[in-house]
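Report on the structure
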Amino acid sequence: MIEPRESKATPPGIPRWLKLFGMVAAAFLVLVIILHLTGLVGMGHHH
Amino acid sequence: MVMPPGLRKFALTLHMVTSVGWLGAVATFLALAIAGLGGRDAGMTRAAYLSMDTVAWYVIVPLSFASPLTGLVQSLGTPWGLFRQYWVLLKLLMTIPSTLLLLVHMGPIDYTAGIAAKTGLSGADLHGMRMQLVIEASAALFVLLTATVLSVYKPKGMTRYGWRKQNMERSIAQP
């Protein structure tokens, strides 16, 4: 079983994969907001 | 508190079964949502939305509670911890809001299923809401796939809290 380990003496920073994930998540949120604002997706659109 | 190996395996099995089951149920829900959206036949559409309601209430909702709960047990009962590694923390931050959002969106699912049961749905009926179900199920599937990938790859990255705890434990072990 792999165990978590960090050997450096200095406090760890935010890993690169997490920064990338954050950017993708932010882009996705913006897309969702745009879709809602333009009325393409959302509740209450009973045609 | 670290669990003994036997209990740890059992907890891991429970967490895997509930998490992958949740993923599979959401994939099924998405397939039905797409079938319901594109269905020209009222009978097919009615069947799709009624099945979605049943799958959501009896499979997705219970698993959306079971998966984070077994995950909590798994993280707190192993050296990984809940706040020590970014990947564990990220999974928590993704799954808890997903469960809450699911509960909020059970209303539109019930509503659509109710209308489908009474009148059947076709063409443009409730199109916005039906489209929303497809998009939400796609987003949920993406979140759950991401959580699965994180669990398998366990990308490196310790939080400051995890780092402090690790140093503390080391200093206790080697005075």
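Position labels on residues start from 1 in each chain and follow its written sequence. Each chain is given a letter, starting from A, and each ligand a number, starting from 1, according to the order in which they appear as written. The model is predicted, so local features are restricted to residues of pLDDT at least 70 and side-chain atom pairs to those at 80 or more, both for listing and for counting; the totals for chains, interfaces and linings are taken over all residues.

Notes on the environment of Gly21(B)
All names here are of chain B. Structurally, the position occupied by glycine 21 is in helix H1 (residues 5-38). A residue is called partly exposed when the number of other C-beta atoms within 10 Å of its own lies between 12 and 20, exposed at 12 or fewer, and buried at 20 or more, with C-beta atoms placed from the backbone. For glycine 21, a count of 16 C-beta atoms within 10 Å gives the class partly exposed. C-alpha of glycine 21 to C-alpha of isoleucine 60: the two residues are 39 residues apart in sequence and 8.4 Å apart in space. Note on conventions: DSSP H or I runs of at least 4 residues are helices, E runs of at least 2 residues are strands, and numbering of each starts at the N terminus.

Some points on unusual backbone geometry
With phi around 45°, Lys154(B) is a residue other than glycine that occupies positive phi space. Following the sequence through the fold, Lys154(B) ends up in the loop between helix H5 (127-153) and helix H6 (160-173).

Considering the environment of Gly81(B)
Residues and elements named next belong to chain B. Examined against the element boundaries, glycine 81 turns out to sit in the loop between helix H2 (42-76) and helix H3 (86-104). The partly exposed category is assigned to glycine 81, around which 19 C-beta atoms lie within 10 Å. A C-alpha to C-alpha distance of 18 Å links glycine 81 and alanine 173, two positions 92 residues apart in sequence. Throughout, a residue-residue contact means that the two C-beta atoms, derived from backbone geometry, are no farther apart than 7 Å. Residues in contact with glycine 81, not counting those within four places in the same chain, are Ser75, Val88 and Gly162.

Structural notes on the packing of H1(B) against H5(B)
All names here are of chain B. What counts as an axis is a line fitted to C-alpha atoms, over the stretch in contact for a helix, and the angles between N-to-C directions run from 0 to 180 degrees. In contact at an axis separation of 9 Å, H1 and H5 are set at 155° when each is read in the N-to-C sense. As judged from the angle between their axes, H1 and H5 are roughly antiparallel. Like other packed secondary-structure pairs, H1 and H5 cross with a definite hand, here left-handed. Contacts from Ser19, Trp22, Leu23, Val26, Ala27, Phe29, Leu30, Ala33, Ile34, Gly36 and Leu37 in H1 reach Arg130, Met131, Leu133, Val134, Ala137, Ser138, Ala140, Leu141, Leu144, Leu145 and Thr148 in H5. When residues are sorted by character, Ala, Val, Leu, Ile, Met, Phe, Trp, Tyr, Cys and Pro go into the nonpolar class, Asp, Glu, Lys and Arg into the charged class, and all the rest, Gly among them, into the polar class. Considered class by class, the residues forming the contact of H1 with H5 number 17 nonpolar, four polar and one charged. Any angle that falls under 35 degrees is termed roughly parallel, while one over 145 is termed roughly antiparallel, one within 65 to 115 roughly perpendicular, and all others oblique. For any helix crossing, the convention is left-handed if the near helix is rotated counterclockwise from the far helix by under a right angle, and right-handed if that rotation is clockwise.

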